[in-house]
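Examining the three-dimensional arrangement
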Amino acid sequence: MNIYKHEDLGGKVSLDSGVDVPFDIKRVFYIYGTKPGIPRGQHSHHKIKQYLVAIKGSCKVTLDNGKEKTVHVLDNPYTGLFQDALIWGEMCDFSDDCVLLVLASDHYDESDYIRDYDDFLNIVLWNTWTEIIWF
Ligand code: TYD
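Report follows, based on the coordinates.

How each quantity is defined
Residues numbered from 1 in each chain as written. Predicted model: local features only at pLDDT ≥ 70, side-chain atom pairs only at ≥ 80, totals over all residues. Heavy atoms only, no water. Core = buried A, V, L, I, M, F, W, Y, C linked by side-chain atoms within 4.5 Å. Buried < 20%, exposed > 50% of the residue type's maximum accessible area, 1.4 Å probe, protein only. Helix = DSSP H or I, 4+ residues; strand = E, 2+ residues; numbered from the N terminus. Contact = heavy atoms within 4.5 Å. Pairing = 2+ DSSP bridges. Axes fitted to C-alpha atoms, helices over the stretch in contact; angles between N-to-C directions. Near = heavy atom within 4 Å. Areas by Shrake-Rupley, 256 points an atom, 1.4 Å probe, with all protein chains shown as cover. Nonpolar A, V, L, I, M, F, W, Y, C, P; charged D, E, K, R; others polar. Patch = residues over 30% accessible without salt bridge, like charges linked within 9 Å, V, L, I, M, F, W, Y side chains within 5 Å. Salt bridge = Lys/Arg side-chain N within 4 Å of Asp/Glu carboxyl O. Lys, Arg positive; Asp, Glu negative; His and termini not counted. Polar contact = N/O pair within 3.5 Å; in protein donor to acceptor, adjacent residues only side chain to side chain.

1. A look at the nonpolar core
Ranked by internal contacts, the top residues of the largest apolar core, which has 14 residues, are Leu52, Cys59, Val61, Leu74, Met91, Phe94 and Leu100. Put simply, the parts of the chain that give this core at least two residues each are strand S4 (50–56), strand S5 (59–64) and strand S9 (99–104). A per-element tally of this core places S5 first, with three residues. The residues touching Val61, leaving out its near neighbours within four places in the chain, are Leu52, Thr70, Val71, His72, Leu74, Leu81, Glu90 and Met91. Phe23, Tyr51, Val53 and Phe82 belong to the second-largest nonpolar core, a separate cluster that totals seven residues.

Below, the structure is given as structure tokens:
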């Protein structure tokens, strides 16, 4: 389950690390002022998990596990989208006013990024094979 609906506490939403968000939060960043037609993301992480909330405006997020893609419209501050490690993510169709809050499970580490889609598919395939061989 990737989508989490949070309670609107009368114009505010509270997210507890490890409770409402399914990991301990180590870093927070936000994406805003995006240029029209320019997608963001387009990468996966080896270990880092992310939790995305459009706290203002809206955007579209595609999550891809290497076998299937799901498309999610984030357009309110009380819905969170969980992006696990080894899930390819792409954000697009940002409204002009969009502020996309991203909570991350670890500090910034460029070596945790998988930026090439073919590399991502190979890693997913390799993991699938090793799981089959292991069990
Ligand atoms: P990146 O995560 O690739 O961008 P996007 O928002 O499109 O997914 O990050 C863009 C640049 O910002 C990249 O050079 C790394 C840097 N960056 C940090 O320094 N710290 C961070 O927490 C993040 C997310 C990015």
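2. Focus: the sheet that holds S9
On the basis of which strands lie adjacent, the open sheet formed by five strands has the order S1-S7-S4-S9-S2 and antiparallel pairing. Each of the sheet's edge strands pairs with one partner strand only, and the pair in question is strand S1 (3–5) and strand S2 (27–32). The mean inter-strand angle of the sheet, taken between neighbouring strand axes irrespective of direction, is 25°. Where S1 meets strand S7 (residues 79–83), three bridges bridge the pair, whose relative direction is antiparallel.

3. Some details on the sheet that holds strand S6 (residues 69–74)
Across the sheet, which stays open at both edges, the five strands sit in the order S6-S5-S8-S3-S10 with antiparallel pairing between neighbours. Strand pairing shows two members of the sheet lacking a second neighbour, S6 and strand S10 (113–114), which therefore form its edges. Of the pairings in the sheet, the one linking strand S3 (residues 40–45) to S10 comprises two bridges and is antiparallel in character. For Ser44, the partnering residue across the bridge sits in S10 and is Ile114.

4. With respect to the site of the ligand
By nearness alone, every residue bordering the ligand is listed as Arg27, Phe29, Ile31, Arg40, Gly41, His43, Tyr108, Tyr113 and Arg115. With the chains in place, 61% of the 520 Å² that the ligand exposes on its own is no longer accessible. Among the secondary structure elements, those contributing two or more residues to the shell around the ligand are S2 and S3. Here the residues of the shell around the ligand sort into four nonpolar, two polar and three charged.

5. Brief notes about a nonpolar patch on the surface
A cluster of nonpolar side chains, contributed by Leu125, Trp129, Ile132 and Ile133, occupies part of the molecular surface with about 470 Å² of accessible area. Tracing the sequence through the fold places Ile133 in helix H1 (residues 117–134).

6. What about the side chain of Asp64?
Tracing the backbone shows Asp64 in strand S5. Although Asp64 is buried, it forms no salt bridge, and the closest oppositely charged side chain is Lys69 at an N-O distance of 4.2 Å. Side-chain polar atoms of Asp64 contact the side chain of Tyr117, separated by 2.5 Å. If we skip the residues at most four places from it in the chain, Asp64 touches Lys69, Ile87, Trp88, Tyr117 and Phe120.

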